[in-house]
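# Survey of secondary and tertiary structure
Okay, here's what each chain looks like letter by letter:
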Amino acid sequence: MKFAYRFSNLLGAVYRRGNLSFSKDGDSVISPVGNRISVFDLKNNKSETLPISTTKNITCVGLSPDGNLAILVDEDGAAVLVSLVTRAVLHHFHFHKPVSSVRFSPDGRKFIVTKENVALMYHAPGKKREFNAFALDKSYYGPYDETTCIDWTDDSKCFVVGSKDMTTWVFGAERWANLVYYSLGGHKDVIVGCFFEQDSLDLYTVSQDGALCVWECDTEPDGLLTRGPKGPSGPQEKEKETEEREDGEEREEGEEGEPRGEVIRGKADGNKQKEGTKMVRYKRRGKHFFNKEGDFNNLTAAAFHKKSHLLVTGFASGIFHLHELPEFNLIHSLSISDQQINSICINSPGDWIGFGCSGLGQLLVWEWQSESYVFKQQGHFNNMAALSYSPDGQYIATGGDDGKVKVWNTNSGLCFVTFTEHTSSVTAVTFTSRGFVIVSASLDGTVRAFDLHRYRNFRTFTSPRPSQFSCLAVDSSGELVCAGAQDSFQVFLWSLQTGRLLEVLAGHEGPVSCLSFSPVRSVLASTSWDRTVRLWDMLDSWQTKEILQLTSDGLAVTYRPDGEELAVATLDGEISFWNPQTATQTGSIVGRHDLQTGRKETDKITAKQASKGKSFTSLCYSADGQCILAGGQSKFVCIYNIAEQILMKKFEISCNLSLDAMEEYLDRRKMTEFGSLALLDEGVGDGDTVALSLPGVRRGDMSSRHFKPEIRVTSLSFSPTGRSWAASSTEGLLVYSLDGTLVFDPFDLDLDVTPASVRRQLRRAEWAAAIVLAFRLNEAALTREVLEAVPHEQISVVCGSLPDIYVEKLLHFVGSALESSGHLQFYLTWAQRLLTLHGQKLKNRSGAILPIIQSLQKSIQRHFEDLSKLCDWNIYNIQYARALSNQKGIKRPAADSLSEEEEEEAEAEEEDLEMASMEEADTLI
């Protein structure tokens, strides 16, 4: 088995903090999720998380005008230059201070970064491939407080910066003779947004108290004058520039590693009238207020679309306004969230508006002309506690501490249904064997079953006395539902069909931590804190069949896919393996040292000492049963080989230092003579200023001003196809897949195996030889080209002449090609002939090819659902058309029969309708 699993996608979270951005074509929205970036394709309804991460949570995203480059800046000011084409990191840079905003110029030659009260202009990396991609050009000083927002003119000649000191500063990107800088006041609160009018120097500024100022400039962009050799840049000006540079360099002494550039400092007399030069002047033309009636809270975000003159403003109450400027006409107002709107962006055509709400983790895209949602997603806004794959691997169900159960599509990466019936944290979720029912357990004392056909809660199971359910299991038939209680130490057994409580299994002397049904027998395994695993026989009056004694408290238990082995994780960090038939232990793995837990900022002991109390809390067998996946109170997920009992690979699920317990040693820069700075809470009052968390607290003190969630893995699951596995963690639902590996992975490669030789065999009509050579080269594009070149009538002959070693490879390729190809009948014919001609040989290796068959079934099932919906829609349209024609025929007198011309027109209309439906089916396929 290969262990080349790579990070594939991030589900369960769509937005955390930072600014949203639309792609150049306006069809995709780019959202920062923690320390990663997710791209949501709104046209194709898909999401993708780039395999790129920063050291801390991303706060600013700057997108180049051509859409090929992006600058990601985290909380500390560490920047990463990323190529959105190759999904690769091109350059690292550190600004040494938190950055408030990043903005490229419209011509793509410069970009502005604002930090503290300074705006830094850099040369944008271009086609020259500079060694230092961040070359400082100028530094602009003027605001007296932190800067908040940036905007450029369309010709990239000037830019405007808003500040927390309630002023707005207009700077020239070049040393213009009539505009070096200009300061605008008029506001009584923090500037949230400042925007130039299209092809003009006219300005709009928006402040946090809901005020909009309209500024008119007396100069057009073409009226900006360059400094000539004998003009304003004479000897006196050069002396001033030299003084300003020296002064600016003194001001930037604390910033290490930044190349020095030109410094422009705003002064009180900087824009005075100079001899022979008419300076740029601004005049306020109007001032408008959003909250005249006092119905709205602070204005928190704003965006402006220059072509349509559309201003979008978001408020802390979750309400947004659409206004047309400069008349300030209200188009409409709508409440889209219960929390404040943190980010707003508008796509290039101006018809879609993106909203980000970090309080609930919401990402919304609104089409304002039709007043409808284009995209609406929300992740779990608390920790994700449980996950489960559907039997075909197409869906993932998750449960969170927010009491919601969400179902995600693994192909699109999006959530398509959310169940909110639980009133407390969801502790476990699972699919039934048929995949149409999801069962979830919660701390609210209920176990609920949800129907994926009608999207409703059709069963609710409760215990005679209120109990908090901590684990859940459903048998292979889908008839029995079991849940373990953490307060009454009992296991409750219900019938899914009738909803009746069948039995209460008592015997454990501690909280029940995990349940697992045998895949082949009606035997339930339960583990508890009483250091035992009990095997219950479902066919023999639910009696205890065996009791397995453990060395420590049991935390997780799971069966191997063939039901011949049982794995148990205990509190001492060990994984023990048992034979459930003989009740004997067959092996054990000591995995405590493999967890490598980090030290929390408030810990008084080292990470090495703290690791003695850490353990695995989740186990999952691979699809072939040869390996086991283990995760727990750490940032690592381990894969062990069971036969050899050794660690095969360790996955680091996160490198985000914004989470707690990430580093083994504390940062010495945060240590003082009194201890760690994290132990000092500046706002607790006159009492003891040392804030210690209570033992067992996982999420930190929620009442403190600053808290960091602890990194941990709560649940693991292998896909039934064996091609991927998923882990629910503090950051969200992480999916690791084999399908994201390198394209070039040759098999039995030789000097004669080249693309030219493959195409030469195609020209000779040697189909089987061409397919063998293509698989030896193992390039997906070339293999697809060869397969689609084979005539349809030759498929049976080619399948029969293939060597056995390539049959499995071809079947796997057909299954993966079915997911994206439109040649549905062609690839289905390949699959049918392969299974028919080589079925007996494949059956002998059923254990090895089971993931391939399940992957093929997953693709066929998805196409079947899409086509069945389309066919039903066509049938309803045809029936509707016939009903209309029948009504017309009834209204006419019986003597008045249709003429031949009318009959021909009716037949032609029906044919046109059928042709249109067939064309639409072709486009969807």
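Residues numbered from 1 in each chain as written. Predicted model: local features only at pLDDT ≥ 70, side-chain atom pairs only at ≥ 80, totals over all residues. Heavy atoms only, no water.

Moving on, we get to the overall build of the protein. Secondary structure assignment for the protein yields twelve helices and 59 strands. For the protein, the proportion of contacts with a sequence separation of at least 24, taken over those separated by at least 6, is 50%. (Helix = DSSP H or I, 4+ residues; strand = E, 2+ residues; numbered from the N terminus. Contact = heavy atoms within 4.5 Å.)

Bringing the UniProt feature "repeat: WD" (unreviewed entry) in the protein into the picture now. Cross-referencing UniProt, the feature "repeat: WD" (unreviewed entry) maps to residues 184–216, 377–418, 419–460, 505–538 and 556–588 in the present numbering. Taken end to end, residues 556–588 comprises 0% helix and 61% strand; its first and last C-alpha atoms sit 14 Å apart. (UniProt positions renumbered as here; feature names shortened; annotations may be inferred.)

According to the stated counting rule, one finds 22 salt bridges in the structure shown. The salt bridge partner of K635 is E652, with a shortest N-O separation of 3.2 Å. Highlighted residues: K635 in the loop between strand 52 (627–632) and strand 53 (636–641) and E652 in strand 54 (residues 646–652), separated in sequence by 17 residues. Take K635: its relative accessible area is 15%, and that puts it in the buried class. Taken together, the shared-partner salt bridges in this structure form one network comprising R103, D151, D154 and K306. (Salt bridge = Lys/Arg side-chain N within 4 Å of Asp/Glu carboxyl O. Buried < 20%, exposed > 50% of the residue type's maximum accessible area, 1.4 Å probe, protein only.)

What follows covers the nonpolar core. Within the largest apolar cluster, 37 residues are counted, with the highest numbers of intra-cluster contacts made by I771, V786, L787, V790, L810, Y827 and W830. Secondary structure elements with two or more residues in this core: helix 4 (755–763), helix 5 (767–777), helix 6 (780–789), helix 7 (795–801), helix 8 (804–820), helix 9 (824–837) and helix 11 (846–891). Each residue touching V790, except ones within four places of it in the same chain, is listed here: W767, I771, I795, V798, F826 and W830. (Core = buried A, V, L, I, M, F, W, Y, C linked by side-chain atoms within 4.5 Å.)

Look at helix 4 against helix 5: their axes get within 8 Å of each other, and the N-to-C directions meet at 165°. If you check the angle between helix 4 and helix 5, you find them roughly antiparallel. Note that helix 4 runs across helix 5; the crossing there is left-handed. Residues P755, S757, V758, Q761 and L762 of helix 4 touch helix 5, and the partners they reach there are W767, A769, A770, L773, A774 and L777. For the contact of helix 4 with helix 5, the residue count by class is nine nonpolar, two polar and no charged. (Axes fitted to C-alpha atoms, helices over the stretch in contact; angles between N-to-C directions. Parallel < 35°, antiparallel > 145°, perpendicular 65-115°, else oblique. Left-handed = near helix turned anticlockwise from the far one by under 90°. Nonpolar A, V, L, I, M, F, W, Y, C, P; charged D, E, K, R; others polar.)

Here L515 is to be found in strand 43 (residues 512–517). Sequence separation of L515 and S528 is 13 residues, and the distance between their C-alpha atoms is 9.2 Å. Leaving out residues up to four positions away in the same chain, L515 has contacts with C471, L472, A473, C482, A483, G484, V491, L524, A525, S526 and V557.

Before going further, it helps to examine unusual backbone geometry. A cis amide bond, omega 5°, links L325 with the succeeding residue P326. Among the secondary structure elements, P326 is positioned in the loop between strand 25 (319–324) and strand 26 (329–335). Unusually for a residue other than glycine, N45 sits at a positive phi of about 55°. Of note, N45 is situated in the loop between strand 4 (36–41) and strand 5 (46–49). Owing to a relative accessible area of 44%, N45 belongs among the partly exposed residues under this scheme. Of note, the phi angle at R531 is positive, near 70°, even though the residue is not glycine. Under the relative-accessibility criterion, R531 is labelled partly exposed at 42%.

Quick look at the packing of helix 6 against helix 9 now. At a minimum axis distance of 11 Å, the contact between helix 6 and helix 9 shows a crossing angle of 90°. When the axes of helix 6 and helix 9 are compared, the pair comes out roughly perpendicular. In this structure, helix 6 contributes R784, L787 and E788 to the contact, and helix 9 contributes F826, Y827 and W830. The residue makeup of the contact of helix 6 with helix 9, split by class, is four nonpolar, no polar and two charged.

Pairing is antiparallel in the open sheet, where four strands are placed in the order 1-59-58-57. Each of the sheet's edge strands pairs with one partner strand only, and the pair in question is strand 1 (6–11) and strand 57 (713–718). Taking each pair of neighbouring strands and ignoring which way they run, the sheet shows an average axis angle of 20°. Alignment of strand 57 against strand 58 (residues 724–729), held across five bridges, turns out to be antiparallel. Bridging from a neighbouring strand, F718 pairs with W725 of strand 58. (Pairing = 2+ DSSP bridges.)

We now examine the sheet that holds strand 30 (residues 372–378). Strand order in this open sheet of four strands is 27-28-29-30, and the pairing throughout is antiparallel. Two strands lie at the open edges of the sheet, namely strand 27 (343–346) and strand 30, each paired on one side alone. Ignoring which end each strand starts from, the neighbouring axes of this sheet average 15° apart. Direction of pairing for strand 28 (residues 352–357) relative to strand 29 (residues 362–367): antiparallel, over a ladder of six bridges. Looking at strand 29, one finds that G356 is bridged to L363.

Turning our attention to the packing of aromatic side chains. Inspection of the entire model under this criterion finds 40 aromatic pairs. On the numbers, 5.1 Å between centres and 80° between planes, the contact of W366 with Y373 is edge-to-face. A relative accessible area of 5% places W366 in the buried class. The structure contains a cluster of three or more aromatic residues connected by ring pairs, namely F93, F95, F104, F111, Y122 and F134. (Phe/Tyr/Trp six-rings, centres within 6.5 Å; stacked < 30°, edge-to-face > 60°.)

What follows concerns a negative patch on the surface. A cluster of acidic residues, D107, D155, D199, E220 and D222, forms a negative patch on the protein surface. Within the fold, D155 resides in the loop between strand 14 (147–152) and strand 15 (158–163). Looking at D155, the relative accessible area reads 30%, which means it is partly exposed. (Patch = residues over 30% accessible without salt bridge, like charges linked within 9 Å, V, L, I, M, F, W, Y side chains within 5 Å. Areas by Shrake-Rupley, 256 points an atom, 1.4 Å probe, with all protein chains shown as cover. Lys, Arg positive; Asp, Glu negative; His and termini not counted. Charge placed at Lys NZ, Arg CZ, Asp CG, Glu CD.)

Before going further, it helps to examine helix 5. Within helix 5, nine of the eleven residues are buried, which leaves the element mostly enclosed by the surrounding structure. Tucked inside the fold, the buried residues of helix 5 contact helix 4, helix 6, helix 7, helix 8 and helix 9. Positive backbone phi, at 60°, marks N778, one or two positions downstream of helix 5.

This paragraph deals with the side chain of S618. Among the structural elements, S618 can be located in strand 51 (residues 616–621). Polar side-chain contacts of S618 include one of 3.0 Å to the backbone nitrogen of L716. With near-sequence residues (within four places) excluded, S618 lies in contact with A556, L629, A630, G631, T714, S715 and L716. (Polar contact = N/O pair within 3.5 Å; in protein donor to acceptor, adjacent residues only side chain to side chain.)

Time to look at the side chain of D594. Take D594: it is sitting in helix 2 (residues 592–595). Buried charge D594 goes without a salt bridge, the closest partner of opposite sign being K650 at 4.8 Å. Setting aside its immediate chain neighbours within four residues, D594 contacts F636, C638, Y640, L647 and K650.

Strand 43 sits mainly inside the fold: six of its six residues count as buried. With antiparallel pairing between neighbouring strands as the criterion, strand 43 and strand 44 (residues 523–528) make up a hairpin whose turn holds five residues.

Here we take up the pairing of strand 8 (residues 78–83). Most of strand 8 is tucked away, with six of its six residues classed as buried. The alternating pattern of strand 8 places A78, V80 and V82 and A79, L81 and S83 on opposite faces, both of which are buried. The hairpin turn running from strand 7 (residues 69–74) into strand 8, its antiparallel successor, is three residues long, and G77 in that turn takes a positive phi close to 100°. Alignment of strand 8 against strand 9 (residues 88–94), held across six bridges, turns out to be antiparallel. Bridge assignment links V80 to a residue of strand 9, and that residue is H92. The hairpin turn running from strand 8 into strand 9, its antiparallel successor, is four residues long, and R87 in that turn takes a positive phi close to 60°.

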